[in-house]
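Chain by chain, the residues run as shown.
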Amino acid sequence: MSRIGEPTVAILELLAERQRASRSELATATGLSAATVGRAVARLRRQGLLREVAVDAIGAGRPPHIVELDDHSASVVAIDAGGRTLRATVASVGGRLGARIARPVRDPADPDALLDDLVALVHALAETVGPGTIHAVVAGISGIVDHANGRVLLSPDLPGLNGIAVAARLATRLELPAAVDNDDLLAAIGEATAGAAMGCRDVVFLSLGYGLGAGLIVGGSPVRGASHAAGAIAYLGPGRFDERASGRAIPLRYRELVGGRGPAVADARQVFELAEAGDPAAIQVVADVVGSLGDLAVDVAALLDPEVIVVGGGLADAGSALFGPLESRLRASLPYPPRLVASALEDAAVLHGAVSLALTLARRRLAGLASVADTTPDRSAVPML
């Protein structure tokens, strides 16, 4: 491990926030000595990641030099592998998102097809940036994911990945450091770093869509659990919660209630619209679902005491029909209710979280602290907020 590696990471992270600073400002902000800053800057300049420019100075003496991050010198790829759509984006070493693409899942049960599709996304985005500038890839996977070992344990939406060491397979085929994580946890990180929960260290992200999930951040650290299943709210009892209050369950419950007498509904959005129009069966289903989601919000808030609960997923489109009752329930049930907000990043939340983790990996690689073969990042490679 390079002795200059950790200071190099610190300088890259600082310049990603500020874009430019003098060497003395870098030393003050990082707590590093001037000599250590000088060695780290020299290394990053040789790699083409930084440039130094002299600025005009008043009076005698050498003019100060400003260090700037060359934002186009390195990049990462982030992937959101959901149940039916694969989304991906490229981001600069400074964290700015660039080109973004989306493609349908060809066969969720075929591991080879899924891995081929993930690799193809990276190759397509690589064509939008300079040759050889991609330094890490991170994929958010729907399901239970062993982040430390880069393995998908259980993905109901993408069963072809069950038991597959996805990070290692991606790293081998792409010749890049790669990691995988739970998509809802990455969404929580995304909202905390670039969305509705910026500045918060205790965050719950509730993914309320076709399926249900949660991403948890406590004290600025992602929470994964002993079995990597923290946030798997679909399994909350009695029975299974996703069979009562998910986007998949809502139209099923409506059709069961009306039998063959009501209008045909294909998704939860239509049931909410029917409820707003006064349909008695839809009103009953929506009231029951929103009540169950209110129970969920109260239980999560009472257990974790988050600063904010961010709600994403398709059910968030219900707007006041969902948020009004949930907020009222939180205020009526808890002495210190958290803020309840809609996702600010929407379908890009997972991508922003994956970018955050990918940048951590890339900066460590550029600093000489990680190799191409690394697929099991240590705890220092996990974003802290």
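Here, the structure is the one placed above.
A brief report on the enclosed structure follows.

Quick notes on the rules
Residues numbered from 1 in each chain as written. Predicted model: local features only at pLDDT ≥ 70, side-chain atom pairs only at ≥ 80, totals over all residues. Heavy atoms only, no water. Helix = DSSP H or I, 4+ residues; strand = E, 2+ residues; numbered from the N terminus. Expected span 1.5 Å × (residues − 1). Buried < 20%, exposed > 50% of the residue type's maximum accessible area, 1.4 Å probe, protein only. Pairing = 2+ DSSP bridges. Axes fitted to C-alpha atoms, helices over the stretch in contact; angles between N-to-C directions. Contact = heavy atoms within 4.5 Å. Phe/Tyr/Trp six-rings, centres within 6.5 Å; stacked < 30°, edge-to-face > 60°. Lys NZ or Arg CZ within 6 Å of the ring centre and 35° of its normal. Parallel < 35°, antiparallel > 145°, perpendicular 65-115°, else oblique. Nonpolar A, V, L, I, M, F, W, Y, C, P; charged D, E, K, R; others polar. Left-handed = near helix turned anticlockwise from the far one by under 90°. Lys, Arg positive; Asp, Glu negative; His and termini not counted. Salt bridge = Lys/Arg side-chain N within 4 Å of Asp/Glu carboxyl O.

### Topic: helix H12 (residues 349-366)
Look at H12: 26 Å from first C-alpha to last across 18 residues, which is about the 26 Å you get at 1.5 Å a residue. Extensive coverage of H12 is indicated by the burial of 17 of its 18 residues. Just downstream of H12 lies Gly368, where phi reads positive at about 80°.

### With respect to the sheet that holds strand E4 (residues 75-81)
On the basis of which strands lie adjacent, the open sheet formed by 5 strands has the order E6-E5-E4-E7-E10 and mixed pairing. Whereas interior strands pair on both sides, the edge strands pair on one side only; in this sheet they are strand E6 (97-104) and strand E10 (178-182). Across the sheet, the mean angle separating the axes of adjacent strands is 15° when strand polarity is ignored. Each of strand E7 (134-141) and E10 touches helix H5 (residues 166-174); the most contacted strand, E10, lies at about 150° to it. This element, helix H6 (residues 183-194), spans E4, E7 and E10 of the sheet and lies at about 95° to E10.

### Some remarks on the sheet that holds strand E3 (residues 65-69)
One open sheet holds the 3 strands; their spatial order is E1-E3-E2, and the pairing between them is antiparallel. The open sheet terminates on both sides in strands that have one partner only, identified here as strand E1 (20-22) and strand E2 (50-54). Geometrically, the sheet is characterised by an average inter-axis angle of 30° between neighbouring strands, direction not taken into account. The pairing of E1 with E3 spans 3 bridges and is antiparallel. Paired with Ser22 across the strands is Ile66, a residue of E3. The sheet contacts of helix H2 (residues 23-30) involve E1, E2 and E3, and relative to E1 the element is tilted by about 95°.

### Things to note about the packing of aromatic side chains
Applying the stated criterion to the full structure yields 0 aromatic pairs. Between the NZ or CZ atom of Arg84 and the centre of the ring of Tyr210, over which it lies, the distance is 4.6 Å. Here Arg248 stacks its cationic end above the ring of Tyr210, 5.3 Å away from the centre of that ring.

### Considering the packing of H6 against H12
Between H6 and H12, whose axes approach to 6 Å, the crossing angle comes to 80°. One finds that H6 runs roughly perpendicular with respect to H12. Counted together, Asp183, Leu186, Ala187, Ile189, Gly190, Glu191, Thr193 and Ala194 of H6 and Ala349, Val350, His352, Gly353, Ala354 and Ser356 of H12 form the full contact between these two elements. Of the residues that constitute the contact of H6 with H12, the class distribution is 7 nonpolar, 5 polar and 2 charged.

### Things to note about the packing of helix H4 (residues 111-126) against H5
Where H4 contacts H5, the axes come no closer than 11 Å and their chain directions differ by 50°. Here H4 is positioned oblique relative to H5, judged by the angle of their axes. By crossing handedness, the relation of H4 to H5 is classed as right-handed. Each of Asp112, Leu115, Asp116, Leu118, Val119, Val122 and His123 in H4 lies in contact with H5, whose residues at this interface are Val166, Arg169, Leu170, Arg173 and Leu174. Among the residues making up the contact of H4 with H5, the classes are represented as 7 nonpolar, 1 polar and 4 charged.

### Some thoughts on the side chain of Asp80
With respect to the element layout, Asp80 can be found in strand E4. Notably, Asp80 is buried but unbridged: the nearest opposite-charge side chain belongs to Arg87, and the N-O separation is 4.1 Å. In contact with Asp80, not counting residues within four places along its chain, are Thr85, Leu86, Arg87, Gly140, Asp183, Asp347, Val350 and Leu351.

Interpretation in functional terms is not warranted from these geometric data alone.
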